[in-house]
Amino acid sequence: VSIGNCAFENSAIKMVSLLGTNVRYIGAYAFYGSQINTFFSSNCIELVGHYAFAACESLASVYLLPSLTTIDTSAFRGCVLLSNLDFYTSLTRIGYNAFDGCTGLATVDFHNCQEIDLGKEAFASCSSLTRIAGAEGSIKRIDDEAFRDCVLLRQIEPLSSVRIIGKRAFLNCSSYNNAMNLLDATVIDQGAFMGCTSLSTLSLHVLYDPLVTLFGY
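In this text, all values refer to a predicted model and were calculated from it rather than measured experimentally. Along every chain, residues carry numbers that run from 1 in the direction the sequence is written. Local features in this predicted model are restricted to residues of pLDDT 70 or higher, and side-chain atom pairs are both shown and tallied only at a pLDDT of 80 or more, whereas totals for entire chains, interfaces and linings draw on every residue. To obtain the side-chain values, all non-hydrogen atoms of the structure were included, while hydrogens and water were left out.

Draft legend 1. Structural view of the environment of Phe 8. Segments assigned H or I by DSSP are reported as helices when at least four residues long, segments assigned E as strands when at least two residues long, and all are numbered from the N terminus. Residue position: Phe 8 is located in the loop between β1 (2-3) and β2 (15-17). Throughout, exposure labels follow a simple rule: accessible area from a 1.4 Å probe, protein chains only, divided by the maximum for the residue type, with under 20% read as buried, over 50% as exposed, and the rest as partly exposed. With relative accessibility at 34%, the residue Phe 8 sits in the partly exposed group. Expressed as a C-alpha distance, the spacing of Phe 8 and Gly 78, which sit 70 residues apart in the sequence, is 17 Å. Residues in contact with Phe 8, not counting those within four places in the same chain, are Ile 3, Ile 13, Ala 30, Phe 31 and Ser 34. The criterion used for residue contact is that any of the two residues' heavy atoms lie within 4.5 Å.

Below is the structure:
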């Protein structure tokens, strides 16, 4: 069971509850540009398709349940009223630009995740984001520009499980001033922390390995 591509694109729908249904997939552009303000996931949803809720400027509350495995490209891009997000164990992938430009987003919590990759620009330009919780043991890869221009980001729970940090991943995160612990990192790519003008301490644990490329070029 799914909600098809463009099903409610640019509609006046306000609230959607899929609780108790067997909906497994939300198609591409399903609610794109609609007036939706609240969304309750079903217990069966595995995929939120690309641009599914993009440009939903009234969307303030999203309740995602543990069945979800993938949030696709630009799924919530430009949802400026979203303020807090909690993710669950089954989620393994947040796609490119998934929450790009969610300027009201203040906190992201990965405490309930086991292993997750963050795609390119996944949280780029989230200019109100101050805290990333539950990162330790859950985030394995942070792709290029994932947190670019998150200028208020101050707190990240240890990234000790992250192995790959992509190009410009934290570009211009100028408020971050806590220690950065990257004990499992094998790749810290070009410009990963460029413009992090308050970052003062970096901890690494590097064993000799010809495949390790720290501070790549």
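Draft legend 2. Seen up close, the sheet that holds strand β6 (residues 61-63). For two strands to be treated as a pair, DSSP must find at least two bridges joining them. If you trace the three strands from one edge of the open sheet to the other, you get β2-β4-β6, paired in parallel fashion. The open sheet has two edge strands with one neighbour each: β2 and β6. This sheet shows a mean twist of 5° between the axes of neighbouring strands, independent of strand direction. Inspection of the sheet shows strand β4 (residues 38-40) paired to β6 by three bridges, in the parallel sense. Paired with Thr 38 across the bridge in β6 is Ser 61. Axes here mean lines fitted to C-alpha atoms, for a helix over just the part in contact, with angles spanning 0 to 180 degrees between N-to-C directions.

Draft legend 3. Broad picture of the pairing of strand β13 (residues 139-142). Pairing geometry for strand β11 (residues 116-118) and β13, over three bridges, is parallel. Each residue of the ladder has a partner; that of Asp 117, found in β13, is Arg 141.

Draft legend 4. Summary view of the packing of aromatic side chains. Centres within 6.5 Å make a pair out of two Phe, Tyr or Trp rings, where for Trp the six-membered ring is used; the pair is then stacked when the planes are under 30 degrees apart, edge-to-face when over 60, and tilted otherwise. Enumeration according to the criterion identifies 16 aromatic pairs in this entry. Between Phe 99 and Phe 123, the ring centres sit 5.2 Å apart and the planes meet at 5°, which makes this aromatic pair stacked. Note that Phe 99 is positioned in the loop between β9 (93-94) and β10 (107-109) and Phe 123 in the loop between β11 and β12 (131-133), a separation of 24 residues in sequence. Residue Phe 99 shares its accessibility class with Phe 123, and that shared class is buried. Clustering of aromatic rings is evident, with ring pairs tying together Phe 8, Phe 31, Phe 39, Phe 53, Phe 76, Phe 87, Phe 99, Phe 110, Phe 123, Phe 147, Phe 170 and Phe 193.

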